[in-house]
Structures are given as C-alpha cells and as structure tokens.
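# Descriptive structure summary
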Amino acid sequence: METPASATEQFESLRPLLLGLAYRLLGSMKDAESVVQDAHPRWQGADRTGIREPRVFLITVVTGLALERLRAARATREAYTGPWLPDPVATDVLGPLDKAGLRDTVGYCAVHLMERLSPPERAVVVLREAFELSYGEIARILDTTETNCRQMHLRSGRRLAAGRNRFTLSDEDHAKLLTRFLEAAQSGDLAGLFELLTEDVVAWYDGGGKARAAQRPVEGRDQVMAFIAGQVARHPFGTPRRVDVNGRPAAALAIDGIDQVVTIDVRDGRIDGIYAVLNPEKLGHIPT
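What you are looking at is a predicted structure, and each value in this text was computed from that prediction instead of being measured.

## Notes on the packing of aromatic side chains
Evaluation of the coordinates by the stated rule reveals four aromatic pairs. Ring centres of Trp-43 and Phe-57 lie 5.7 Å apart, and the angle between their planes is 50°; on these two criteria the pair is classed as tilted. Taken together, the positions of Trp-43 in helix α2 (residues 29-45) and Phe-57 in helix α3 (residues 54-78) put the pair 14 residues apart, joining distant regions of the chain. Aromatic ring contacts, followed pair by pair, group Tyr-108, Trp-204 and Tyr-275 into a single cluster. The positively charged end of Arg-48 is found above the aromatic ring belonging to Trp-43, 5.4 Å away from the centroid. Across the ring face of Phe-194, the terminal group of Arg-221 is positioned such that the distance to the ring centre comes to 3.9 Å.

Right, dumping it as structure tokens:
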C-alpha cells in the first residue's frame, strides 16, 4: 500500500524535471520553485490509484500553476524598470538536459525569446519540444483541441525562428568567443570587437531599478561598441569567472563593483546577442 512518505519520494524523484519545466514557462527560478512547491500538496491529495503516469499528471499540474502565474506576471514585467531578462540559472539545477529539446529550450536566448509568446503558445512549445508530449496530451493539459495545439506550435515556431541559431558552437568554442569578447571590451580593442560582433547585434542590460543599467536594448554594432567603450572609460572591470548557466558557458564579473552575469548568443560564429543581468535579485542561482 502506498504511504504519504512513498508518495513524497515519488514526487521528489520528479522535482528536477518539474523545476526545469516551470522555469522554462516562467523564466524566473523563484517563481518556478514556488510553483513546484504548490504542486506537492495537490499530488499528496490526489487519488493516485487512478493515475497511470505520475509524470504526465504532475506535468499537467505544474503547467497549469505556471500559466496562472505567468499571466499574472506579464503586467508586472511590462512595468519593469528597463529590459526584463530571465534569471540566469546554474545548469545543474535545471533538471535533465539529456535530450536536444530539453537543452535547446532552456538556453538563455530561447527562454528570453519565449517572452514573445502568449502563455498557451509558450506551453505548447515547451511541452512539445522539451518534453516530447503528443498534441493530444498537450490538448488535454491546456483544455483545447489537438488542431489548436498544432496551429499554436506552428505559429510560435515562425515567431521564434528569426531569433534562433542555425549553428551551435561547442561549449569550449562558445566559452572562447565569450572570453575574447570580454578581453576586447576590457582592453578597449574596438577593432577586435568589430570582428566579434554581428552588424545587427543587440545588447540587453537588466538592472531592474536595483543597479545602474541601460534602460533600453542597445541595437547595432556601432551603438554596442560605443556603449562598451563608454563603460570601459568610466568603470573598472573585475576579473571574469566562467560559470555554467542555462546549459552554456557564461561569465560572472563585477563592473564598477556591481556583480553581473554575462551570456552571449552566437550566429554564424559571431556574437549576435549580449545579455547582462545586474539585478541582484536575479543572481541567487549562479554557481559560486
């Protein structure tokens, strides 16, 4: 006979997967942890004799809770001071990444891009691509039709395609490119930066009103180079430390004494996106 202790043990075995799901849907680790915690009493209180697949049951519960929270969070994010970026999170706490879909959908750029989608569209993308659920299973989770799920997935894919990489560097090459970028920035090597950045590169800086940061995305190579040059002229750079964030190498460093995490997106071997998170409230899940 199943006991509350055994039910808890089963839930805990799935916690990493559920946490990764909630994070993909929310982009906030604090909210993801809260959603997974709220799912536990629902699992304990369920009639588990009729649950054939605990994984699907809990994915359904967590998805529903996460979508409720995401809908409520959208207004807050629209009023956020400066660009809102997802929390950078240590890779080892994001659940399994043993499949391409799991890794691709937790990448920092991917989580950021999914902010463009409606909550149901985001759920379809995550459940289909990361967790490989059928359209029928997704339809039951979202209380809609298979046809609607297919249409949302197709529509979402088109909206995300322009921002997705066509070629992915190895982790080591990705780390080397990030290191070269930081070295060129710190030394004021504008020629080096020019070679490393795409013409339409965009840099986002998330201070959230808690740290000094650009209030709008900096767009275009010339503008990004000018912004970086201004930062170097005014503020001392600390020594970067490599960290593994969202499945890829990133850098933790201090600029003018302000801690931040910097990640990059790469297209055709050059840096196409720069993400710097300075808001101290978002840096609690970075490896030390």
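## Side note on the packing of α3 against helix α7 (residues 135-142)
Between two packed helices, both the angle of their axes relative to each other and the distance between the axes serve to describe the pair. One way to put it is that α3 packs onto α7 with a least axis distance of 9 Å and a crossing angle of 50°. What the angle tells us is that α3 and α7 run oblique. Our pair here, α3 against α7, has a crossing hand that is right-handed. For the pair α3 and α7, contact is made by Val-56, Ile-59, Thr-60, Thr-63 and Leu-67 and by Glu-137, Ile-141 and Leu-142, respectively. Taken together, the residues of the contact of α3 with α7 sort by class into five nonpolar, two polar and one charged.

## Quick notes on the layout of surface pockets
Quantified by volume, the second largest pocket comes out at close to 400 Å³. Lining the second largest pocket are 16 residues; nearest its centre among them are Ser-28, Asp-31, Trp-84, Asp-87 and Lys-282. Breaking the lining of the second largest pocket down by element, the ones donating at least two residues are α2 and α3. When the residues that make up the lining of the second largest pocket are grouped by side-chain class, the tally is three nonpolar, five polar and eight charged.

## Examining the pairing of strand β4 (residues 248-255)
In terms of burial, β4 is largely enclosed, as seven of its eight residues are buried. Across five bridges, strand β3 (residues 241-245) lies against β4 in antiparallel orientation. Across the sheet, residue Arg-241 finds its bridge partner in β4, namely Ala-252. Linking β3 to β4, which pair antiparallel, is a turn of two residues; within it Asn-246 sits at a positive phi near 50°. Of the pairings in the sheet, the one linking β4 to strand β5 (residues 258-267) comprises five bridges and is antiparallel in character. Considered in β5, the bridge of Ala-251 is made with Val-262.

## Overview of the pattern of salt bridges
All told, the structure shown has 16 salt bridges when counted by the stated rule. Glu-115 serves as the salt-bridge partner of Arg-77, at 2.8 Å between the closest nitrogen and oxygen. Of this pair, Arg-77 sits in helix α3 while Glu-115 sits in the loop between α5 (108-113) and α6 (119-130), and the two are 38 residues apart along the sequence. Note on Arg-77: relative accessible area 12%, which makes it buried. Between Asp-256 and Arg-212 there is a salt bridge, and its shortest N-O distance comes to 2.6 Å. Pair noted here: Asp-256 is in the loop between β4 and β5 and Arg-212 is in the loop between β1 (197-206) and β2 (218-219), with a separation of 44 residues, a long-range link. Taking the relative accessible area as the measure of exposure, Asp-256 reaches 32% and is therefore partly exposed. With a relative accessible area of 55%, Arg-212 lands in the exposed category.

Criteria and cut-off values
Residues numbered from 1 in each chain as written. Predicted model: local features only at pLDDT ≥ 70, side-chain atom pairs only at ≥ 80, totals over all residues. Heavy atoms only, no water. Phe/Tyr/Trp six-rings, centres within 6.5 Å; stacked < 30°, edge-to-face > 60°. Helix = DSSP H or I, 4+ residues; strand = E, 2+ residues; numbered from the N terminus. Lys NZ or Arg CZ within 6 Å of the ring centre and 35° of its normal. Axes fitted to C-alpha atoms, helices over the stretch in contact; angles between N-to-C directions. Parallel < 35°, antiparallel > 145°, perpendicular 65-115°, else oblique. Left-handed = near helix turned anticlockwise from the far one by under 90°. Contact = heavy atoms within 4.5 Å. Nonpolar A, V, L, I, M, F, W, Y, C, P; charged D, E, K, R; others polar. 1 Å grid on protein atoms, 1.4 Å probe; cavity = no way out; pocket = protein on both sides within 12 Å on 5 of 7 lines; lining within 4 Å. Points joined across faces, edges and corners; volume = space filled by probe spheres on them. Buried < 20%, exposed > 50% of the residue type's maximum accessible area, 1.4 Å probe, protein only. Pairing = 2+ DSSP bridges. Salt bridge = Lys/Arg side-chain N within 4 Å of Asp/Glu carboxyl O.

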